[in-house]
Structure formats: structure tokens, C-alpha cells
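As a plain string of letters, each chain reads:
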Amino acid sequence: MMLLSVDAGRLPAGKSISSDMIGGLLVAAGLIEAVAGSLRRDMRPFAMSAGGVTALAGLLFVINPETHFFPMVTPVIGWLLIRSLILAIASGESAGSVRTWTGLSAGMDFLLAVLLIAGLSISTIVISIFGPTPELVASFAWVLAASFVVNGLLLLEVASSAKQNSG
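Residues numbered from 1 in each chain as written. Predicted model: local features only at pLDDT ≥ 70, side-chain atom pairs only at ≥ 80, totals over all residues. Heavy atoms only, no water.

Draft legend 1. Up close: the nonpolar core. In this structure, Leu26, Val76, Trp79, Leu80, Leu116 and Phe148 are the most contacted members of the largest nonpolar core, which totals 24 residues. Contributing elements (two or more residues each) for this core: α2 (19-38), α3 (44-63), α4 (70-93), α5 (96-130) and α6 (134-166). Per element, the largest residue contribution to this core is seven residues, and it comes from α4. (Core = buried A, V, L, I, M, F, W, Y, C linked by side-chain atoms within 4.5 Å. Buried < 20%, exposed > 50% of the residue type's maximum accessible area, 1.4 Å probe, protein only. Helix = DSSP H or I, 4+ residues; strand = E, 2+ residues; numbered from the N terminus.)

And the structure:
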């Protein structure tokens, strides 16, 4: 998951971000999260659901590629909001450091969704006048990278807690 965040963070280095690339990253992240979630004894449905939502968002990008930046933002906002809700519920059901990291992951996704929603109205004006600027595209890639980093840290904490509890 951490390697995916590096890839997402490097996306702005290219001339453009293809819908397929974003979709592929989301599908890969979702599958990693779903497989990791299937290995958990507790919170399995929540962890697998969060991974499934991420993979589904990625499939939307792969199946329906958009050549313009603006239409791609709405599915990402939806993905972040649904995923944050799933993780917030899972956080309430968890305990210890896993609860903390699950809550942080939920909070990060919610914050990123809110930032995208707030930026959407500003972006509408910017895109209408100038088209998608490199800075706007770069901020979109950083949203994916930030979500992947926090989720990767969550998965590491879950694995660490499972190891401590079994040992």
C-alpha cells in the first residue's frame, strides 16, 4: 500500500494523469485492502467493504475513462465519503491502537473529501477559464497518495497488533 502511495505521489511528474492509471492504482489498493481484511478475525466485513469500495471506484475509472480532469473528481469524493463512513463505524467497533489508526484513516478520507468538495467550486471557475492546471491535477494525485499512506499505516498497525496478540 505504501508503494502505491509513492506511485500516486509521482503521478503529477508525468504530463497527464490517465484515468486508467488512477483506476489501476485504486483497484490495486482496494484488492490489497480486501485481502488484508479477509485475514482479520474481527472487523472482517468492514475491512473488506472498505477495500471493495476502493476497488469499485477504481473500476469506474477503468471502465469509463474520462479524458478531462473535472468529471473524475466526483467519484473520488464519493469513494472517500463512503470509505470514511465504513472506517468510522469500524473504528467504533475496534479497540486499542487499531481503533486509533482506523479512526485516523476515516478522518483523513473525510477531510480529503471535504477539501475536494470545497475545491470543486473553486476548480469549476479555474477549469472553465484555464482548463485543468498542473497544480490542480497535482493536488488530486496528492489526495490519493495521502489516503494510501494513512491506510497503509493502518494495515501495518493491524498486522502488528495481530502479531502481538498471537505471540
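Draft legend 2. Spatial organisation of the pattern of salt bridges. With the rule as written, the count across this model stands at two salt bridges. As a salt-bridge pair, Glu33 and Arg83 come within 2.8 Å of each other at their nearest N and O atoms. Taken together, the residues span a long stretch of sequence, with Glu33 in helix α2 and Arg83 in helix α4 at a distance of 50 residues. For Arg83, a relative accessible area of 1% translates into the label buried. Arg83 serves as the salt-bridge partner of Asp109, at 2.3 Å between the closest nitrogen and oxygen. Of this pair, Asp109 sits in helix α5 while Arg83 sits in helix α4, and the two are 26 residues apart along the sequence. The same class applies to Asp109 and to Arg83, which are both buried. Here the salt bridges do not stand alone but share partners, grouping Glu33, Arg83 and Asp109 into one network. (Salt bridge = Lys/Arg side-chain N within 4 Å of Asp/Glu carboxyl O.)

Draft legend 3. Quick look at the side chain of Asp109. Given a relative accessible area of 0%, Asp109 falls into the buried group. Within the local environment of Asp109, its side chain forms a polar contact with the side chain of Arg83, the two groups lying 2.3 Å apart. If we ignore the near neighbours within four places in the chain, the residues touching Asp109 are Leu80, Arg83, Ser84, Leu87 and Ser147. (Polar contact = N/O pair within 3.5 Å; in protein donor to acceptor, adjacent residues only side chain to side chain. Contact = heavy atoms within 4.5 Å.)

Draft legend 4. Molecular detail of empty space enclosed by the protein. Following the criterion strictly, the structure yields one cavity of 30 Å³ or more and no others. Taken as a whole, the largest cavity holds about 90 Å³ of empty space. Around the largest cavity, the lining residues are Glu33, Gly37, Arg40, Phe46, Ala47, Leu87, Ala90, Thr102, Asn151, Leu154 and Leu155. Elements with a minimum of two residues in the lining of the largest cavity: α2, α3, α4 and α6. Of the residues forming the lining of the largest cavity, the biggest block, three residues, is contributed by α6. Looking at the lining of the largest cavity residue by residue, the class counts come to six nonpolar, three polar and two charged. (1 Å grid on protein atoms, 1.4 Å probe; cavity = no way out; pocket = protein on both sides within 12 Å on 5 of 7 lines; lining within 4 Å. Points joined across faces, edges and corners; volume = space filled by probe spheres on them. Nonpolar A, V, L, I, M, F, W, Y, C, P; charged D, E, K, R; others polar.)

Draft legend 5. Looking closely at the environment of Leu112. Among the structural elements, Leu112 can be located in helix α5. Judged by its relative accessible area of 7%, Leu112 falls in the buried class. Remark: the alpha-carbon pair of Leu112 and Ile77, spanning 35 residues in sequence, is separated by 8.1 Å. Leu112 has contacts with Leu80, Val143, Ala146 and Ser147, leaving out every residue within four places of it along the chain.

Read these as geometric descriptors, not functional statements.
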